[in-house]
Amino acid sequence: MTAITSLKDQVSPEEWQLRVDLAAAYRLVALYGWDDLVFTHISARVPGPEHHFLINPYGMMFEEITASSLVKIDLNGEKVEDSPYPVNPAGFTIHSAIHEAREDAHCVMHTHSLNGVAVSAQRDGVLALSQQATLILASLGYHDYEGIALNDDEKPRLVANLADNTFLMLRNHGLLTVGNNPADAFLAMYIFEATCMIQVRALAGNRELTPIDPTIVDGVKEAARIVTKGMFGGLAWPGLLRKLDRQNPGYGVCQQRCRVH
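Counting of residues starts from 1 at the beginning of each chain's written sequence and follows it residue by residue. Where local features are concerned, this predicted model is filtered to residues with pLDDT of at least 70; where side-chain atom pairs are given and counted, the filter is 80 or more; whole-chain, interface and lining totals use all residues. No hydrogens and no water enter the side-chain calculation; it runs on all heavy atoms of the structure.

K.L.:
Lay out the overall build of the protein chain in plain terms, naming residues and giving numbers.
P.N.:
Counting its regular elements, the protein chain contains 9 helices and 9 strands. Between the two quantities, the radius of gyration covers C-alpha atoms and the globule rule is 2.2 Å times the number of residues to the power 0.38. In summary, the protein chain has a C-alpha radius of gyration of 18 Å against a globular reference of 18 Å for 261 residues, a match within 12%. Across its three principal directions, the C-alpha atoms of the protein chain cover 55 × 40 × 35 Å. Burial classification: accessible surface area is computed with a 1.4 Å probe over protein chains only, and a residue below 20% of its type maximum counts as buried, one above 50% as exposed, and the rest as partly exposed. Every one of the 261 residues in the protein chain was classed for burial, and the buried ones make up 49%. The contact rule is simple, with two residues in contact once any of their heavy atoms fall within 4.5 Å. Intrachain contacts of the protein chain at a sequence separation of at least 6 include 68% that bridge at least 24 residues. For the protein chain, the computed accessible surface area is about 12600 Å², with 52% contributed by carbon and sulfur atoms. Both charge centroids of the protein chain, one from 21 positive and one from 30 negative side chains, sit 7 Å from each other. Numbering of helices and strands runs from the N terminus, with a helix taken as a DSSP run of H or I at least four residues long and a strand as a DSSP run of E at least two residues long. We get accessible surface area from the Shrake-Rupley algorithm with a probe of 1.4 Å; when it comes to residues, only the shown protein chains can shield them. We count Lys and Arg on the positive side and Asp and Glu on the negative side, and we leave His and both chain ends out. Where a charge sits is defined by one atom per residue type, namely NZ (Lys), CZ (Arg), CG (Asp) or CD (Glu).

Below you can see the structure in the form of structure tokens.
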């Protein structure tokens, strides 16, 4: 068992703030029930000229992650500074491909949520059944399943399928969002997951469905910008942090009880 020590005084203020926000994103994913034990990732690029990223210590539950426990890695998934915690380089294949190709994708969030995987297994993918779905359909790519993401050969196809979209459905696998920061990536995932949940429930109702006119999707991006006042995730993020502080505090500090094998 290795105790977690604080890194607050060992990193730049910008990196520390990113660590706090990313740790919060991990805990919020757990709070909303989208985690898959320890088997998915949220990665975020560290400010600066190096292509270094923060990611979860492999084996730590999302609800346990703190700002100081996050591990700094390079595009190959290798640790670039001392850390007592292991990482899962194989699991970073998807993330590294997107970070390398998309300068604007500072945060990449990937989940194996039950609703997300269920819809990813449906041939027609996301259906225009809800307001949430229109937001997804305005910026959605699909990537066919090629097995557990271990091979670098898959990266070009993954990047091409994502293109310049915010949302990517990994068929038979799960959901992925990108954002300029953890707040944006989280809100995108919240909408993506809600879309999938609504679709699963609507299809289970065994009644004729009313699809949304495809032309409505065309104006959705601008409408979303207006609704969120151009802030997107930043509008909801302070409230989400307050919610997290009430239900699972400590993500921004090191507590002696936080340990990892």
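K.L.:
Give me the lowdown on the environment of Gln 17, citing residues and values where you can.
P.N.:
Mapped onto the elements of the fold, Gln 17 is located in helix α1 (residues 13-31). With 206 residues separating them in the primary sequence, Gln 17 and Ala 223 have C-alpha atoms 30 Å apart.

K.L.:
Tell me what's going on with the nonpolar core, and back it up with residues and numbers.
P.N.:
Residues belong to one nonpolar core when they are buried, are Ala, Val, Leu, Ile, Met, Phe, Trp, Tyr or Cys, and are joined through side-chain atoms within 4.5 Å. Among the nonpolar cores identified, the biggest contains 56 residues, and Phe 192 and Trp 237 are the most heavily contacted of them. In terms of residues, this core owes the most to one element, α1, which gives 11 residues. By size, the runner-up hydrophobic cluster in this structure holds 12 residues, among which are Ile 94, Ile 98, Val 108 and Leu 158.

K.L.:
I'd like a rundown of the side chain of His 173, residues and numbers included.
P.N.:
By the secondary structure assignment, His 173 is in the loop between β7 (167-170) and β8 (174-179). With relative accessibility at 18%, the residue His 173 sits in the buried group. Polar contact criterion, stated in full: a pair of N or O atoms within 3.5 Å, where within protein one must be able to donate a hydrogen and the other to accept it, and residues adjacent in sequence count only if both atoms are side-chain atoms. For His 173, the side chain forms a polar contact with the side chain of His 112, separated by 3.1 Å. Apart from the residues within four sequence positions on either side, His 173 is in contact with Ile 94, His 110, Thr 111, His 112, Val 117, Ser 120 and Tyr 145.

K.L.:
Describe the environment of Thr 210, listing the residues and the values that go with them.
P.N.:
Along the chain, the position of Thr 210 falls in the loop between α6 (182-204) and α7 (214-217). Exposure remark for Thr 210: the relative accessible area of 67% places this residue in the exposed category. With 80 residues separating them along the chain, Thr 210 and Ser 130 place their C-alpha atoms 9.3 Å apart. Apart from residues lying up to four places away in sequence, Thr 210 is in contact with Ala 128 and Leu 129.

K.L.:
Lay out the packing of aromatic side chains with the relevant residues and their values.
P.N.:
The rule is short: rings of Phe, Tyr and Trp, with Trp giving its six-membered ring, pair when the centres are within 6.5 Å, and they are stacked under 30 degrees, edge-to-face over 60, tilted in between. In total, this model carries 9 aromatic pairs according to the counting rule given. Linked through ring pairs, Tyr 32, Trp 34, Phe 186, Tyr 190 and Trp 237 together constitute an aromatic cluster.

K.L.:
Which residues make up the pattern of salt bridges, and what values go with them?
P.N.:
Pairs can form between side chains of opposite charge once their charged atoms are near each other. Think of a salt bridge as a Lys or Arg side-chain nitrogen and an Asp or Glu carboxyl oxygen that are within 4 Å of each other. For the structure on display, the rule yields 9 salt bridges. Between Glu 15 and Arg 19 there is a salt bridge whose closest N-O contact spans 3.0 Å. Taken together, the positions of Glu 15 and Arg 19, both in helix α1 and 4 residues apart, correspond to about one turn of that helix. A residue is classified by how much of its surface remains accessible, and Arg 19, at 0% relative accessible area, is buried. In this structure, Arg 171 and Asp 144 form a salt bridge, with 3.5 Å as the shortest nitrogen-oxygen distance. In this pair, Arg 171 is assigned in the loop between β7 and β8 and Asp 144 in the loop between β6 (140-143) and α5 (155-162), connecting sequence segments 27 residues apart. Residue Arg 171 is classed as buried on the basis of its relative accessible area of 18%. Among the charged side chains, a network of salt bridges with common partners joins Glu 15, Arg 19, Lys 72 and Glu 81.

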